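For reference, the chains in residue letters:
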Amino acid sequence: MQKEKLRVIRKQKGYTQQQVADYIATDVSNYSRKESGDVRIVKDEWDKLARFLEVPVEDIYEEEEAAIVVNYDHPVFNDKSISAGAITNQNNYDNIPGAVIENLQGYITLLKEENERLKEELKSFQSPSTRAKK
């Protein structure tokens, strides 16, 4: 079920999906799936979205009937074969809930941002002669 109220208000406010995705710490393709109703928007995300758009949650909230779609026919998900008789040790990730994956993706994004911030901070501690060598 498309999140039409959310999409309309986002566009009225002049924000791109990328800007909203950055704010809720997800990638733009995942946010797009949330807005289109393919991926569930959790309560904390509704609150963040409302803060970002500066509207009450009620102005953007729509009931959830989302389903996470995974293409199990894709080779990445469906390759359980043993290549040329070789013994493999494949993990079974088929049963990881979508919410866990989304949470981990958000955490990865936050870690990447923190890593970049720390790199910039580290540059400020380097002496001018060290920076000149690079």
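Scroll up for the structure.
This write-up is about the structure you can find in this document. (Residues numbered from 1 in each chain as written. Predicted model: local features only at pLDDT ≥ 70, side-chain atom pairs only at ≥ 80, totals over all residues. Heavy atoms only, no water.)

1. What to know about the overall build of the protein
Along the protein, the regular secondary structure elements total 8 helices and 0 strands. When the helices and strands of the protein are placed in sequence order, the string is α-α-α-α-α-α-α-α. Intrachain contacts of the protein at a sequence separation of at least 6 include 61% that bridge at least 24 residues. Only carbon and sulfur atoms are counted for the fraction: they give 54% of the accessible area of the protein, which is about 9800 Å². (Helix = DSSP H or I, 4+ residues; strand = E, 2+ residues; numbered from the N terminus. Contact = heavy atoms within 4.5 Å. Areas by Shrake-Rupley, 256 points an atom, 1.4 Å probe, with all protein chains shown as cover.)

2. Thoughts on a nonpolar patch on the surface
A cluster of nonpolar residues, I96, V100, I101 and L104, forms a patch on the protein surface that exposes about 310 Å² of accessible area. Residue placement: L104 occurs in helix α7 (residues 98-125). (Patch = residues over 30% accessible without salt bridge, like charges linked within 9 Å, V, L, I, M, F, W, Y side chains within 5 Å. Salt bridge = Lys/Arg side-chain N within 4 Å of Asp/Glu carboxyl O.)

3. A word on the packing of aromatic side chains
The full count for this structure, using the stated rule, is 3 aromatic pairs. Measuring from ring centre to ring centre gives 4.5 Å for Y15 and F52, while their planes differ by 45°; the resulting arrangement is tilted. Of the two residues, Y15 is situated in the loop between α1 (4-12) and α2 (17-23) and F52 in helix α4 (residues 43-53); the sequence distance between them amounts to 37 residues. Here Y15 falls in the partly exposed class, since its relative accessible area comes to 27%. Taken together, a centroid distance of 4.8 Å and an interplanar angle of 35° make the contact between Y23 and F52 tilted. Here Y23 is found in helix α2, whereas its partner F52 is found in helix α4, with 29 residues between them in sequence. In this structure an aromatic cluster arises from ring pairing among Y15, Y23 and F52. (Phe/Tyr/Trp six-rings, centres within 6.5 Å; stacked < 30°, edge-to-face > 60°. Buried < 20%, exposed > 50% of the residue type's maximum accessible area, 1.4 Å probe, protein only.)

4. A short note on the environment of F52
Judged by its relative accessible area of 16%, F52 falls in the buried class. Placed 28 residues apart in sequence, F52 and I24 show a C-alpha to C-alpha distance of 8.8 Å. Ignoring sequence-local partners within four residues, the contact set of F52 consists of Y15, Q19, V20 and Y23.

5. Observations regarding the nonpolar core
With 14 residues, the main nonpolar core has L6, Y31, W46, L49, L53 and I60 as its most contacted residues. Secondary-structure elements contributing two or more residues to this core are α1, α2 and α4. Per-element accounting of this core gives the leading share, 5 residues, to α4. (Core = buried A, V, L, I, M, F, W, Y, C linked by side-chain atoms within 4.5 Å.)

6. What about unusual backbone geometry?
Unlike most non-glycine residues, A25 shows phi in positive territory, near 60°. Locating A25 in the fold gives a position in the loop between α2 and α3 (28-36). Unusually for a residue other than glycine, E54 sits at a positive phi of about 55°. Within the fold, E54 resides in the loop between α4 and α5 (57-60).

Any link to function would need more than the numbers given here.
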